[in-house]
Amino acid sequence: MADAKVIPFGEEPRSRRRAKRSAGAARSAALTPVPPPRQEEPGATAPGEAPEERGASWEQRLAGGLNFLRRRLTGEYEVDDFGYDEELTDQVMMSALRPLYEKYFRVEVKGVENIPDKGGALIVANHSGTLPLDGLMLQVAIHDQHPAGRHLRLLAADLVFMLPVVNELARKAGHTLACTEDAERLLERGEVVGVMPEGFKGVGKPFSDRYRLQRFGRGGFVSTALKSGAPIVPCSIVGAEEIYPMIGNARTLARLLGFPYFPITPTFPWLGPLGAVPLPTKWTIQFGEPIPTDGYPAEAADDPMLMFNLTDQVRETIQHTLYKLLVQRRSVFF
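What counts, and at which threshold
- Residues numbered from 1 in each chain as written.
- Predicted model: local features only at pLDDT ≥ 70, side-chain atom pairs only at ≥ 80, totals over all residues.
- Heavy atoms only, no water.
- Salt bridge = Lys/Arg side-chain N within 4 Å of Asp/Glu carboxyl O.
- Helix = DSSP H or I, 4+ residues; strand = E, 2+ residues; numbered from the N terminus.
- Buried < 20%, exposed > 50% of the residue type's maximum accessible area, 1.4 Å probe, protein only.
- Expected span 1.5 Å × (residues − 1).
- Contact = heavy atoms within 4.5 Å.
- Polar contact = N/O pair within 3.5 Å; in protein donor to acceptor, adjacent residues only side chain to side chain.
- Axes fitted to C-alpha atoms, helices over the stretch in contact; angles between N-to-C directions.
- Parallel < 35°, antiparallel > 145°, perpendicular 65-115°, else oblique.
- Nonpolar A, V, L, I, M, F, W, Y, C, P; charged D, E, K, R; others polar.

Caption draft 1: Here's a closer look at the pattern of salt bridges. Applying the stated rule across the entire model yields 17 salt bridges. Arg 153 is paired through a salt bridge with Asp 80; the nearest N and O atoms lie 3.0 Å apart. Highlighted residues: Arg 153 in strand E3 (residues 152–156) and Asp 80 in the loop between helix H3 (56–74) and helix H4 (86–104), separated in sequence by 73 residues. The exposure class assigned to Asp 80 is partly exposed, which follows from its relative accessible area of 23%. Among the ionic pairs, Arg 98 bridges to Asp 144, the shortest N-O distance being 2.7 Å. Placement of the pair is Arg 98 in helix H4 and Asp 144 in helix H5 (residues 133–145), with a sequence separation of 46 residues. One salt-bridge network, in which partners are shared between bridges, spans Asp 80, Asp 81, Arg 153, Asp 182, Arg 185, Arg 189 and Glu 191.

Shown next, in the form of structure tokens:
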């Protein structure tokens, strides 16, 4: 029989001491609070990430900008038969309008999913604001907020294409003359077309008539939608009425200049160029449910009674939505 190892009284075996130390360490670790994960600051370099990797996005932007300039100088870009330059619109015009849209007017968009993802659609909106900034903000809203990133092709008045610089910019941005032929061609191509039937009666109305829709003409937009079978999407814009409160109209000066009106506001022309700065109102753009037109027969576009009823339906929908948004609005500016 092997001799047993004698352990002095009060002394534990070495293995048992190691087991106790391990158990104590485990209990201590369990009771020690675990600090939350460290939040990396935006733009901070992660462990193992080189500083040049952090600046890769700026390099990509610079490379993209240089490529854009090269294509513009060499003519390697496409323009459709209306003069629309999609690349210039996305890269330059939208980038210039976006701070005004996001930071200045702080546009809130509702119901953009009512615009179809593909195929033609006719957006019918109210018009206001003394200067037609609402059309430009509507264009940015559809491009930036729609899941498919669709482009709006606005139908503009003759005056827009008579002004030297404005004419070129409007064509490049995809807008065209407000005539039936151009509207039908765009809808048949599957484009999103925008029209503001109030025209100058809406954009140049006095401040006392704000958010009261003017007459929608003879319903030519309804005939265009019926012929192409494109749905009509009513659109209501709140906030544009107050950017230039029009308290007067210098009609004599307007006739001399060839304008439909010459606005007088609390700041213009009294403050000169500074008076042309719009007030920073808070905007809301809401798209209503689409009104289908593909279920009507081919001869429906020649039915004046049907055109009148559809025009009135669209107008009443926009007006009712305007009143609803005004009731919900807490402040003009906030």
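Structure's up, so let's keep going.
Caption draft 2: Spotlight on helix H11 (residues 304–328). Taking 1.5 Å per residue as the helical rise, H11 with its 25 residues ought to reach 36 Å, and the 36 Å between its terminal C-alpha atoms agrees with that figure. Listed in full, the buried residues belonging to H11 are Leu 306, Met 307, Leu 310, Thr 311, Val 314, Ile 318, Gln 319, Thr 321, Leu 322 and Leu 325. For H11, the elements touching its buried residues are strand E1 (108–110), strand E2 (121–125), helix H9 (220–228), strand E6 (232–238) and strand E9 (284–287). Where H11 begins, one side-chain oxygen reaches toward the backbone nitrogen of Met 305, 3.1 Å away; that side chain belongs to Asp 303.

Caption draft 3: Unusual backbone geometry, seen in detail. In this model, Phe 268 is joined to Pro 269 through a cis peptide bond whose omega is 5 degrees. Residue Arg 106 is not a glycine yet carries a positive backbone phi of 45 degrees. Along the polypeptide, Arg 106 turns up in the loop between H4 and E1. Arg 106 gets classed as partly exposed once you look at its relative accessible area, which sits at 26%. Here Tyr 211, not a glycine, exhibits a phi torsion of approximately 60 degrees, which is positive. Looking at the secondary structure, you find Tyr 211 in the loop between helix H8 (200–203) and H9.

Caption draft 4: Fine view of the packing of H9 against H11. Interaxial distance between H9 and H11 falls to 9 Å at its minimum, and their mutual angle equals 105 degrees. Judged on the interaxial angle alone, H11 and H9 are roughly perpendicular. For the pair H9 and H11, the contacting residues are Phe 221, Val 222, Ser 223 and Leu 226 in the first and Leu 306, Met 307, Leu 310, Thr 311 and Val 314 in the second. The residue makeup of the contact of H9 with H11, split by class, is seven nonpolar, two polar and no charged.

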